[in-house]
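Inside the fold
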Amino acid sequence: MNKKYLQQYLALIKEIEDLNKKIDRCRDEIVSDSVRGSNSNFPYQEITAQIVGISENKHKRKLYKILNKRLEQSRNLKLEIEDYIASIDDSQMRYIFEKRYIDGLDWLSISQDLGSRHESYARNLHDRDLKK
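Now for a description of the structure that goes with this document. Quantities reported herein were computed from a predicted structural model and do not represent experimental measurements.

Scoring rules and cut-offs
- Residues numbered from 1 in each chain as written.
- Predicted model: local features only at pLDDT ≥ 70, side-chain atom pairs only at ≥ 80, totals over all residues.
- Heavy atoms only, no water.
- Core = buried A, V, L, I, M, F, W, Y, C linked by side-chain atoms within 4.5 Å.
- Buried < 20%, exposed > 50% of the residue type's maximum accessible area, 1.4 Å probe, protein only.
- Helix = DSSP H or I, 4+ residues; strand = E, 2+ residues; numbered from the N terminus.
- Contact = heavy atoms within 4.5 Å.
- Salt bridge = Lys/Arg side-chain N within 4 Å of Asp/Glu carboxyl O.
- Expected span 1.5 Å × (residues − 1).
- Arc of directions from axis to C-beta.
- Axes fitted to C-alpha atoms, helices over the stretch in contact; angles between N-to-C directions.
- Parallel < 35°, antiparallel > 145°, perpendicular 65-115°, else oblique.
- Left-handed = near helix turned anticlockwise from the far one by under 90°.
- Nonpolar A, V, L, I, M, F, W, Y, C, P; charged D, E, K, R; others polar.

Once that is clear, we can look at the nonpolar core. Leu 6, Ile 81, Ile 85, Met 93, Ile 96 and Phe 97 are the most contacted members of the largest nonpolar core, which has 15 residues in total. Of all the secondary-structure elements, those providing two or more residues to this core are α2 (9-26), α3 (58-86), α4 (91-102), α5 (107-113) and α6 (120-131). With 4 residues, the single largest contributor to this core is α4. Excluding anything up to four places from it in sequence, Leu 6 contacts Met 1, Ile 81, Tyr 84, Ile 85, Phe 97, Tyr 101 and Leu 130.

Another aspect to go through is the pattern of salt bridges. With the rule as written, the count across this model stands at 7 salt bridges. Here Lys 22 makes a salt bridge to Asp 18, at a shortest N to O gap of 3.2 Å. With a gap of 4 residues between them, Lys 22 and Asp 18 both fall in helix α2, about one helical turn apart. For Lys 22, a relative accessible area of 30% corresponds to the partly exposed category. A salt bridge links Lys 78 to Glu 82, with the nearest nitrogen and oxygen atoms 3.0 Å apart. Of the two residues, Lys 78 and Glu 82 are both situated in helix α3; the distance of 4 residues between them amounts to about one turn of the helix. On the basis of relative accessibility, which here comes to 22%, the residue Lys 78 falls in the partly exposed class.

Turning our eyes to something else, we now look at α2. Compared with an ideal rise of 1.5 Å per residue, which puts 18 residues at 26 Å, α2 spans 26 Å between its outermost C-alpha atoms and is within 8% of the ideal. For α2, the full list of buried residues reads Tyr 9, Leu 12, Ile 16, Leu 19, Ile 23 and Cys 26. Projected down its long axis, α2 shows its buried positions confined to an angular sector of 90°, all on one face. Set apart from the buried face of α2 by more than 90 degrees, the exposed residues are Lys 14 and Arg 25. For α2, the secondary structure elements touched by its buried residues are α1 (3-6), α3 and α4.

Where α2 meets α3, the closest approach of the two axes is 9 Å, and the angle between their N-to-C directions is 155°. Here α2 lies roughly antiparallel to α3, going by the angle between them. When the axes of α2 and α3 are compared, the crossing they make is left-handed. Of the residues contributing to the contact of α2 with α3, the split by class is 13 nonpolar, 3 polar and 8 charged.

Without other data, these values stay purely geometric and don't point to any function.
Okay, structure coming up:
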């Protein structure tokens, strides 16, 4: 795992949310209408029948498939990042990675949480760990 992938985490969350909204808009719509007719026996009486169906739109179906594929890719990458961070053995390093990439905190906040006044403390530990 490299820094480029880790930095995508917060954007992935927003992308997944956006894709879910777009997918909802692409779902087939249920449409209904009513028709008037008569029964088949004499004396004929007028009746109204309700008709329900699904509105088909080939463009929407294709877009739906494309969006679902993108959603699956985004979810998989998000899970890979979470799995990588969870697999870090050292609790301090796991904390640094989680706060930076999952919670989106800046280096100063993370360093202060770890008891340092210097912004570079957490960043230096992070960079050394990534080089391993």
